Amino acid sequence: MAASPDASPLPPGPRPIRRLQEAVINRIAAGEIIHRPASALKELIENSLDAGATSIKVTVKDGGMKLLQIQDNGCGIRKEDLPILAERFTTSKLSTFSDLSRLTTYGFRGEALASISYVSNLTVITKTKSDSCAWKACYADGALTPVKAGATSDPKPCAGNDGTTITVENLFYNTPTRLSALRGSSEEYTRILDVVTKYAIHNPHVSFTCKKTGSPSPDVSTPSSSTTVQAIRLIYGQTLAKELLHVSIPSSNKGKEQDLEASADISEDEDSGDGAWNAEVHFTNTNYQAKKMTLLLFINHRLVESSRIKRALEAVYNGVLAKGAAPFVYLSLQIDPRAVDVNVHPTKKEVHFLNEDAIIERIADVVQEALIGQSQSRVFEYQTLLTGGIAEPPSQKIKGKRKTRPDDIDADEAEDANPENSEGAPEASQLGASASQQPAKRKVYSQHKVRTSLKDRTLDSMFPVTHPSQRTGSGDGQGESAATTPGTPPTVIHKAIKESQCYLKSIRDLRDAVLKARHHQLSEILAKHTFVGVIDAARCLSLVQHGTRLYLLNHGALAAELFYQLGLRQFGDLPRIRLDPPPALRTLVALAVDAEEGVGKSGLSKDAIVDRIVDALLARRDMLEEYFSLGFSSDGHVQTLPLLLRDYTPNLDKLPLFLMRLGPQVDWTDEQACFDSFLRELAYFYVPEPLLRDELRAGGPRGEKGADEAEKATLWQIQHVLFPAMARYLVPPKTLLERDAVQVANLPDLYRVFERC
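Calculation criteria
- Residues numbered from 1 in each chain as written.
- Predicted model: local features only at pLDDT ≥ 70, side-chain atom pairs only at ≥ 80, totals over all residues.
- Heavy atoms only, no water.
- Helix = DSSP H or I, 4+ residues; strand = E, 2+ residues; numbered from the N terminus.
- Buried < 20%, exposed > 50% of the residue type's maximum accessible area, 1.4 Å probe, protein only.
- Areas by Shrake-Rupley, 256 points an atom, 1.4 Å probe, with all protein chains shown as cover.
- Core = buried A, V, L, I, M, F, W, Y, C linked by side-chain atoms within 4.5 Å.
- Contact = heavy atoms within 4.5 Å.
- Pairing = 2+ DSSP bridges.
- Axes fitted to C-alpha atoms, helices over the stretch in contact; angles between N-to-C directions.
- Expected span 1.5 Å × (residues − 1).
- Arc of directions from axis to C-beta.
- Salt bridge = Lys/Arg side-chain N within 4 Å of Asp/Glu carboxyl O.
- pLDDT = per-residue confidence, 0-100.
- Phe/Tyr/Trp six-rings, centres within 6.5 Å; stacked < 30°, edge-to-face > 60°.
- Lys NZ or Arg CZ within 6 Å of the ring centre and 35° of its normal.

Draft legend 1. Just the overall build of the chain, in detail. Helix and strand counts for the chain come out as 23 helices and 23 strands. Across the 757 residues of the chain, 43% fall into the buried class. If you sum the accessible surface of the chain, you get close to 42,300 Å²; carbon and sulfur atoms cover 51% of it.

And the structure:
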């Protein structure tokens, strides 16, 4: 009998139930545990912490999708355990179900490495302290695979340190849907940094490092043996750390008045029974306001999430913070393991525990009490100008025709131009009047900004470095202490050098000549310069910065002019350097004459030349001592030398040459010419330059050390004594511009060069 064409088809029967293949089961389970690179890293960090590591280093490439490597110095993995390391449900944390109630470790199911091996290429290098070498093993789909094609899959010996290095490559290479669902590499790396920072704060005794491959510096780096507050300060900054409050909360109401003490330590056995718990909370006060709440929640050292705890803390802050503001809270909750169920989520990011409502309420109450007690005083920060310019008081006006250029504004002037920064915040009415009466200052562009300050001081400026020739007691132990040696003072207060009163017309004429030859632009450069460095000590070349310009200066020529002017400034009232024991004048002059070339061309013997110079100086010793503080004894010994600049002693190796040149180079026949030429020779004697360097180095290791010490002392004096003295006292003449002061760079010009590139 034929079927009717209008008859409906029979409904399909039930589909058969099949047993899934083991590979499909494992891949599905891996997808539940490993959501993204950050979740894989979380499992690996917890394994490292369970192994007792004190140093954890994380290396990431392409957001962890190409490479995710973690290295620790924990106890390592035994070689005999490596074959089953990546199989599911293989663990060293528990053996029976009842062990869950006493669990104190992070992991317990043994699924982390297995899940990672099913969705990536997994490599493990591990070494225990008892092993003589490290062992390397590769895994795929939970089983060992050969390291190289054609080799066996057994672990291979290799070099390595104590601990374990796990490398995860090509994450989700066999699950393209999961891979395409991930965000960009930068966002995934941000999630990785978030995981590392949270564990670094909770484990301050462990050193954490996280960086990208090829990056010279890590993005997260914390030291070991730190504290929670120090870790928060290092990662989140001083702005947040200075607003932190700390409370320790026990489960009982005893000692409630001690909850707010930052130094209170709650022992684990303070309360007994299943309901025992304690909490450590670090949270910001009402002065700190962020756009989004940051909650770091650890329950029994496990990083978890709890919407109920978060809502309770948000409710506490809603009453004390402005709308749209959010706090930072770090909460570490320790609960009896018997009262916690950790096996409620595949990734263990959620847990359930007994008396949850009572514990949350108690924590919220204590935090609220701390905030109320602290919020009696509030600190508000405000910004006077949105453009970031320099605000000037309404009463101050620029006098004169000269307008201030952006190039002339430095950091010190900016501070002086804004008295509001030093004398407190003005009232709101004053701010409004200032904003309405005075327009905002013109914006200063980057190429015109001066990023140095005249008030900056380096640490080495506080520790004087002395020349070896100025030290006593170096070998025989019979010299005076260093505190009494010229040129070796400890920290000295600089006193102003006053101009001496002199009625001699020759000295007045010389002083007037110095003022008439002054170059104003060079004077401004030296008065407001910032020292950069000595670039060539042999050629006396140094770099200084003024405004946005860089200048190359001959500090030797500048020093000669400085010491000449200092001698002229203190004429007749020069301080003295006393030489003890005083050397013989004839001996010093003879040393210089012996070293001088061309003495034979004079037609006189060396002894005759020495006699003439010594006689000339001793015949005028009263005048030299009165005017220049250069003292000779009646029997021909050098007793005192003039001190032109306090805290600076000339290189005494140059003393013989100085005394010898006083004979032929000083014009003793004319008063003004005599004073001028003598002060020039005295200035040359004071100019800093290493002398007898080759002879010092030829003296072996000790001579080499002496030459290095002499060079260090000279460089220190140039930077910390000479240039500050030039800024204060030097009146530079126009002649220095010819070859001794050259502009080598200008910031606006450099910007134009780079713009063309």
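Next comes the rest of the description.
Draft legend 2. Structural detail: the nonpolar core. Grouped together as the largest cluster of nonpolar side chains are 71 residues, with contacts concentrated most on Phe563, Leu659 and Tyr686. If near-sequence neighbours (up to four positions away) are discounted, leucine 659 is found in contact with Leu585, Leu588, Val589, Ile613, Leu617, Phe632 and Val638.

Draft legend 3. Summary view of the sheet that holds strand β22 (residues 638–642). Sheet architecture is open: 3 strands sit in the order β20-β22-β21, paired in antiparallel fashion. Where the open sheet ends on each side, the last strands, each with one partner, are β20 (576–578) and β21 (631–632). In terms of strand pairing, β20 meets β22 through 3 bridges, oriented antiparallel. Counterpart to arginine 576 in the pairing with β22 is proline 642.

Draft legend 4. Spatial organisation of the sheet that holds strand β19 (residues 549–554). Strands sit in the order β17-β18-β19-β23 across an open sheet of 4 strands; the sheet is antiparallel. Every interior strand has two partners, whereas the edge strands, β17 (530–536) and β23 (741–746), have only one. The average angle at which neighbouring strand axes cross in this sheet is 25°, direction not considered. Packing of helix α15 (residues 555–569) onto the sheet brings it into contact with β17, β18 (541–546) and β19, and relative to β19 it is tilted by some 70°.

Draft legend 5. How the structure looks around helix α17 (residues 606–619). Its 14 residues give α17 an end-to-end C-alpha distance of 20 Å, which sits within 8% of 20 Å, the value for a rise of 1.5 Å per residue. Three or more residues of α17 are buried, namely Ile609, Val610, Ile613, Val614, Ala616 and Leu617. An end-on view of α17 places all buried positions within 160° of arc, on one side of the element. For α17, exposure combined with an orientation more than 90 degrees from the buried face picks out Asp607, Arg612 and Ala619. In this fold, the buried residues of α17 make contact with α16 (585–595), α18 (621–628), β21 and α19 (655–665).

Draft legend 6. Fine view of the pattern of salt bridges. All told, the structure shown has 15 salt bridges when counted by the stated rule. A salt bridge links glutamate 499 to arginine 511, with the nearest nitrogen and oxygen atoms 3.7 Å apart. Taken together, the residues glutamate 499 in the loop between α12 (428–437) and α13 (505–516) and arginine 511 in helix α13 connect sequence positions 12 residues apart. Take arginine 511: its relative accessible area is 13%, and that puts it in the buried class.

Draft legend 7. Up close: the pairing of strand β10 (residues 244–250). Here β10 lies mainly inside the structure; 7 of its 7 residues are buried. Of the two faces of β10, the one carrying Leu244, His246, Ser248 and Pro250 and the one carrying Leu245, Val247 and Ile249 are both buried. Two strands pair when backbone bridges link them, and β10 and strand β11 (residues 277–284) are joined in this way by 7 bridges, in the antiparallel orientation. Among the inter-strand pairings, serine 248 is bridged to a residue of β11, identified as glutamate 280.

Draft legend 8. Highlighting the confidence of the model for the chain. For the chain, per-residue confidence averages 77 on the pLDDT scale, and 71% of positions sit at 70 or higher. Low pLDDT (under 50) marks residues 254–273, which in the prediction has 29 contacts with non-local residues, meaning those over four places away or in another chain.

Draft legend 9. Representation of the environment of threonine 714. Within the element layout of this structure, threonine 714 appears in helix α22 (residues 700–729). Here threonine 714 falls in the buried class, since its relative accessible area comes to 10%. The spatial distance from the C-alpha of threonine 714 to the C-alpha of alanine 537 is 8.8 Å, given a sequence separation of 177 residues.

Draft legend 10. Region of the structure containing the pairing of strand β12 (residues 294–299). Burial analysis of β12 places 5 of its 6 residues in the buried class, the great majority of the element. Two strands pair when backbone bridges link them, and β12 and strand β14 (residues 328–335) are joined in this way by 6 bridges, in the parallel orientation. Among the inter-strand pairings, leucine 297 is bridged to a residue of β14, identified as leucine 331. Judged from the 2 bridges that link them, β12 and strand β13 (residues 302–303) form a sheet pairing that is antiparallel. Residue pairing across strands places isoleucine 299 opposite arginine 302, the latter belonging to β13. In this structure, the hairpin formed by β12 and β13 is closed by a connection of 2 residues, where asparagine 300 is found at a positive phi of approximately 55°.

Draft legend 11. Local environment of the environment of proline 748. Within the fold, proline 748 resides in helix α23 (residues 747–756). Taking relative accessible area as the criterion, proline 748 reaches 8% and is therefore assigned buried. Separated by 200 residues in sequence, proline 748 and threonine 548 have C-alpha atoms that sit 7.6 Å apart.

Draft legend 12. View of the packing of aromatic side chains. Taken as a whole, this structure holds 17 aromatic pairs when the rule is applied. Aromatic pair phenylalanine 563 and tyrosine 686: ring centres 5.0 Å apart, planes at 45°, arrangement tilted. Of this pair, phenylalanine 563 sits in helix α15 while tyrosine 686 sits in helix α20 (residues 671–686); the two residues are 123 residues apart in sequence, bridging distant segments of the chain. This pair shows no difference in class: phenylalanine 563 is buried, exactly as tyrosine 686 is. Considering the side-chain rings of phenylalanine 685 and tyrosine 686, the 5.7 Å spacing of their centres and the 80° angle between planes classify their relative orientation as edge-to-face. These aromatic residues form a ring-pair network of at least three members: Phe563, Phe571, Tyr627, Phe628, Tyr648, Phe658, Phe675, Phe678, Phe685 and Tyr686. The ring of tryptophan 135 has lysine 79 sitting right over it, with the charged end atom 4.0 Å from the ring centre. Seen from the ring of tyrosine 564, arginine 680 lies directly overhead, with NZ or CZ sitting 3.5 Å from the centre.

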